[in-house]
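Descriptive structure summary
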Amino acid sequence: MNADELLDLALGQLEDPRRRALEEDARSDPELAARIRGVRRVVDDLCDDGLAYAPPAGLADRAIAFVAQTPAASPSILEYVPPRVPFRWADFAVAASIFIAGLLTLMPAVQRSRERMNQAGCVFNLKQIGESLGQYATIHPSYPAPPGDRADADSGLFAAMLRGAGLLPDVAVLDCPYNGRNDHIAETRRLDSFEQADTLRRTDPDLYGKMVSWDYGYNPGYRHASGRIGPISARPASLIAVVADQPPDDVLAGDLDRNSPNHYGAGQNVLYSDGGVRWHRSRVVGPDDRDVFLNNARELAPGVHDHDSVILPPHAPFGYLQSR
């Protein structure tokens with residue numbers, strides 16, 4: 001038995017088969033037994049100095065209270081700053097240049113995306129108006145038109161007739177989103193019928209002007225084959241422009257090259273009698289309609305035939321066509 005095995009036996013680290021063999025040898029060998037007892041006594045003396053101390057009363061409670069009262073040390077931001085910045089000012093300048101170039105490239109794309117979204121919103125509005133007009137045409141012989149003795153009523157009141165028939169519950173569709181929000185659209189919600197609106201036109205022009213301030217114009221009619229000027233038939237045999245982005249303010253002055261202001265002169269959306277909406281970059285909207293805001297005689301007068309549409313601004317009266 002060597003010294004290492006004797007020490008492992010005294011420390012209890014010897015594996016069981018060898019430990020049992022040594023203990024068996026010690027029972028028959030008094031000298032070996034004495035050596036094992038001596039090593040164990042020395043090890044016990046090293047592990048126990050004979051001194052014992054009782055901890056002060058309440059030490060554990062005081063230690064816990066002290067830890068609870070000591071605020072956790074939060075790291076300073078300066079601890080995260082490297083002793084030497086691994087970038088030079090030139091590097092920052094290059095990064096800033098790349099960022100600015102990317103931003104300048106992105107901004108036009110964002111603007112074009114916003115414009116397409118607003119134009120799509122205008123198309124949606126006209127489709128909603130087209131559905132209302134289609135429902136109106138199923139129960140009336142023609143598209144909205146005032147009584148014969150009310151030809152001085154504004155053509156924009158076609159929307160009041162739809163409201164009176166319960167076919168235009170949301171007047172927000174009268175506001176083209178491309179040119180900004182109409183601040184008076186809340187007043188338009190008070191537009192309950194043609195009679196109420198036409199009476200208000202004569203009694204309270206200021207309030208009426210706020211109520212009838214939407215962004216779309218209406219085609220009140222054309223010269224029929226009989227020579228009579230009248231509204232569009234409820235069941236037209238061909239595609240006819242019925243509603244469109246409002247004409248430019250100077251259309252009456254003969255500026256024929258100006259598009260609708262709704263899209264800042266880029267063009268106009270036009271609602272046709274089939275309910276479809278088409279975008280036109282010029283005022284030519286068909287082979288037989290060379291100007292959607294004037295008739296083919298270049299006048300603000302009734303269309304010379306059903307294909308010749310004339311879209312009036314909301315405040316132009318129905319009878320203005322006949323007076324020309």
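The present account deals with the structure reproduced in this document. Every value quoted in this text rests on a predicted model; they were computed, and no experiment measured them.

The number of helices and strands found in the protein chain is ten helices and six strands. When the 324 residues of the protein chain are sorted by exposure, 37% land in the buried category. For the protein chain, long-range pairs separated by at least 24 residues make up 61% of all intrachain contacts whose partners lie at least 6 apart in sequence. Total accessible area on the protein chain is roughly 19300 Å²; 56% of this is exposed by carbon and sulfur atoms.

What follows covers the sheet that holds strand 5 (residues 268-272). Reading across from one edge, 1-4-5-6 is the order of the four strands in this open sheet, with antiparallel pairing throughout. Each having just a single partner strand, strand 1 (216-218) and strand 6 (277-280) make up the two edges of the open sheet. Between one strand and the next, the sheet's axes are offset by a mean angle of 25°, whatever the strand orientation. Pairing analysis gives four bridges linking strand 5 to strand 6, with the strands arranged antiparallel. Bridge assignment links Asn-269 to a residue of strand 6, and that residue is Trp-279.

What follows concerns the pairing of strand 4 (residues 241-245). Counting buried positions along strand 4 yields five of five residues, so the element is predominantly enclosed. Alignment of strand 1 against strand 4, held across three bridges, turns out to be antiparallel. Bridge pairing links Tyr-216 to Asp-245 in strand 4. For strand 4 and strand 5, the ladder comprises three bridges, and the chain directions are antiparallel. If you follow Ala-241 over to strand 5, its bridge partner there is Tyr-272.

Ranked by internal contacts, the top residues of the largest apolar core, which has 42 residues, are Leu-126, Ile-129, Leu-133, Leu-157, Phe-158 and Val-243. Counting residues per element, the ones that place at least two in this core are helix 5 (89-139), helix 6 (158-164), helix 8 (194-203), helix 9 (205-211), strand 1 and strand 4. If one sorts the elements of this core by residue count, helix 5 sits on top with six residues. In contact with Leu-126, not counting residues within four places along its chain, are Tyr-216, Val-243, Asn-269, Val-270, Leu-271 and Val-277.

The tally for this structure, following the rule as stated, stands at nine salt bridges. The partner of Arg-150 in a salt bridge is Asp-198, with the nearest N and O atoms 2.6 Å apart. Taken together, the residues span a long stretch of sequence, with Arg-150 in the loop between helix 5 and helix 6 and Asp-198 in helix 8 at a distance of 48 residues. Across the pair, exposure class does not vary: Arg-150 and Asp-198 are buried alike.

A word on unusual backbone geometry. At Tyr-264, a residue that is not glycine, the phi angle is positive and equals roughly 55°. Relative to the elements of secondary structure, Tyr-264 occurs in the loop between strand 4 and strand 5. In this model, Arg-298 sits at a positive phi of 60°, which is unusual for a non-glycine residue. Along the chain, the position of Arg-298 falls in the loop between strand 6 and helix 10 (320-323). On the basis of relative accessible area, Arg-298 is assigned to the partly exposed category, the value being 39%.

Our next topic: the environment of Val-292. Within the secondary structure, Val-292 sits in the loop between strand 6 and helix 10. For Val-292, a relative accessible area of 0% corresponds to the buried category. Between the C-alpha atoms of Val-292 and Ile-311, which are 19 residues apart in sequence, the distance is 6.1 Å.

For the structure on display, the rule yields three aromatic pairs. Both rings, one in Phe-158 and one in Tyr-218, keep their centres 4.5 Å apart while their planes meet at 10°; by these two values the pair is stacked. Of the two residues, Phe-158 sits in helix 6 while Tyr-218 sits in strand 1, which places them 60 residues apart along the sequence. Taking the relative accessible area as the measure of exposure, Phe-158 reaches 1% and is therefore buried. Their ring planes at 70° and their centres at 6.3 Å tell us that Tyr-218 and Phe-318 sit as a pair that is edge-to-face. Taken together, the positions of Tyr-218 in strand 1 and Phe-318 in the loop between strand 6 and helix 10 put the pair 100 residues apart, joining distant regions of the chain. With relative accessibility at 1%, the residue Tyr-218 sits in the buried group. Owing to a relative accessible area of 8%, Phe-318 belongs among the buried residues under this scheme. Cation over ring: Arg-278 sits above Tyr-272, and NZ or CZ is 4.8 Å from the ring centre.

So, how was this worked out
- Residues numbered from 1 in each chain as written.
- Predicted model: local features only at pLDDT ≥ 70, side-chain atom pairs only at ≥ 80, totals over all residues.
- Heavy atoms only, no water.
- Helix = DSSP H or I, 4+ residues; strand = E, 2+ residues; numbered from the N terminus.
- Buried < 20%, exposed > 50% of the residue type's maximum accessible area, 1.4 Å probe, protein only.
- Contact = heavy atoms within 4.5 Å.
- Areas by Shrake-Rupley, 256 points an atom, 1.4 Å probe, with all protein chains shown as cover.
- Pairing = 2+ DSSP bridges.
- Axes fitted to C-alpha atoms, helices over the stretch in contact; angles between N-to-C directions.
- Core = buried A, V, L, I, M, F, W, Y, C linked by side-chain atoms within 4.5 Å.
- Salt bridge = Lys/Arg side-chain N within 4 Å of Asp/Glu carboxyl O.
- Phe/Tyr/Trp six-rings, centres within 6.5 Å; stacked < 30°, edge-to-face > 60°.
- Lys NZ or Arg CZ within 6 Å of the ring centre and 35° of its normal.

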